Amino acid sequence: QMQLQESGPGLVKPSETLTLTCSVSGFSITSGYYWGWIRQSPGKGLEWIGSIFHSGRTYYNASLKSRVSISVDTSKNHFSLNLTSVTAADTASYYCARHNIRRWFDPWGQGTPVTVSS
Amino acid sequence: EIVMTQSPATLSVSPGERATLSCRANQSVSSNLAWYQQEPGQAPRLLIYDASTRATGIPARFSGSGSGTEFTLSISSLQSEDFKVYYCQQYNTWPLTFGGGSRVEI
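Just so it is clear, the structure is predicted and the values come from calculations on it, not from any experiment.

**Student:** Describe the environment of Arg102(A), naming the residues involved and giving the relevant values.
**Tutor:** On the secondary structure map, Arg102(A) appears in the loop between strand 9 (92-99) and strand 10 (105-108). The spatial distance from the C-alpha of Arg102(A) to the C-alpha of Tyr34(A) is 9.7 Å, given a sequence separation of 68 residues. Beyond its immediate chain neighbours, meaning those up to four positions away, Arg102(A) contacts Asn32(B), Asp50(B) and Tyr91(B). Of the polar contacts made by the side chain of Arg102(A), one reaches the side chain of Asn32(B); its length is 2.8 Å.

**Student:** Could you give me a rundown of the pairing of strand 5 (residues 45-49) of chain B, with the residues and numbers involved?
**Tutor:** Walk down a regular strand and you will see the side chains alternate between the two sheet faces. All names here are of chain B. As defined by bridge partners, strand 4 (residues 33-38) adjoins strand 5 across three bridges and the pair is classed as antiparallel. Note on strand 5: the bridge partner recorded for Trp35 is Ile48. Counted between consecutive antiparallel strands, the loop separating strand 4 from strand 5 contains six residues, among which Gly41 sits at a positive phi close to 85°. Sheet analysis places strand 5 next to strand 6 (residues 53-54), joined by two bridges and oriented antiparallel. When the sheet's bridge partners are listed, Tyr49 is paired in strand 6 with Thr53. In textbook terms, the turn of a hairpin is the stretch between consecutive antiparallel strands, and for strand 5 and strand 6 this stretch comprises three residues, one of which, Asp50, has a positive phi near 50°.

**Student:** Tell me about the sheet that holds strand 1 (residues 4-7) of chain B, and name the residues and values.
**Tutor:** Residue and element names in this part refer to chain B. The strand order across the open sheet built from four strands is 1-3-8-7, with neighbouring strands paired in antiparallel fashion. Both outer strands of the open sheet, strand 1 and strand 7 (62-67), are each paired with one neighbouring strand and no more. The average angle at which neighbouring strand axes cross in this sheet is 15°, direction not considered. Relative to strand 3 (residues 19-25), strand 1 runs antiparallel, the two sharing four bridges. Pairing of Thr5 across the sheet is with Arg24, part of strand 3.

**Student:** Residues and numbers for the state of the cysteines, please.
**Tutor:** All names here are of chain A. This structure, assessed with the given rule, holds two disulfides over all chains. Residue pairing for Cys22: its cysteine sulfur links by disulfide to Cys96, the two sulfurs lying 2.0 Å apart. Measuring the twist about the S-S bond at about 60°, one finds the Cys22-Cys96 disulfide to be right-handed. Here the residue Cys22 occupies a position in strand 3 (residues 18-25), and Cys96 occupies one in strand 9, the gap between them amounting to 74 residues. For the pair Cys22 and Cys96, one class covers both residues: buried.

The rules we used
Residues numbered from 1 in each chain as written. Chains lettered and ligands numbered in written order. Predicted model: local features only at pLDDT ≥ 70, side-chain atom pairs only at ≥ 80, totals over all residues. Heavy atoms only, no water. Helix = DSSP H or I, 4+ residues; strand = E, 2+ residues; numbered from the N terminus. Contact = heavy atoms within 4.5 Å. Polar contact = N/O pair within 3.5 Å; in protein donor to acceptor, adjacent residues only side chain to side chain. Pairing = 2+ DSSP bridges. Axes fitted to C-alpha atoms, helices over the stretch in contact; angles between N-to-C directions. Disulfide = S-S within 2.5 Å. Buried < 20%, exposed > 50% of the residue type's maximum accessible area, 1.4 Å probe, protein only.

Now the structure itself:
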């Protein structure tokens with residue numbers, strides 16, 4: 001059964017870089033799908049951050065593009081999110097998810113909460 | 001970017017009743033719309049894609065309709081496990097965008 005699992009620090013200081021990893025099990029990350037990051041601020045809705053294909057082709061939300069990079073490591077079957085210069089506004093639960101070329105998300109990881117605070 | 005607006009923010013219904021949720025786009029997304037269900041503290045779950053196609057394992061009481069800018073998610077007879085939050089998402093155009101959600105409460 002395919003699973004996605006996010007990992008990373010639960011607490012990050014303002015101005016630092018947030019790095020999260022999504023480990024994929026039960027499915028090859030090179031099998032023709034895209035891999036995305038979505039976040040949800042406390043009590044708020046969902047915001048797509050960006051996506052990557054296994055070839056390395058990336059797509060970013062313009063609202064975050066200057067601070068975001070997503071990379072993939074096919075040897076480890078995982079992909080990662082880097083978000084630089086974080087502020088309190090980046091406090092959220094971060095989800096990774098798979099999508100096909102049509103771009104609906106299924107399945108999702110369980111999510112990981114990240115707090116930005118000194 | 002395409003802005004997705006959901007209504008109502010909260011819908012109060014009784015078990016066994018029908019629930020109808022609305023999702024509106026500020027420009028046409030054709031039928032490139034998905035619906036998700038989310039329980040607090042859990043990841044969203046795909047319910048519907050292509051506006052009206054149920055995802056694998058989704059009960060027939062969930063149905064989606066619409067195209068262009070107006071979409072509806074209907075739950076024909078609410079079960080206790082359906083009282084959650086529902087989001088729509090357009091995938092017609094980058095960036096992918098979600099609605100603000102509709103909570104279905106008892």
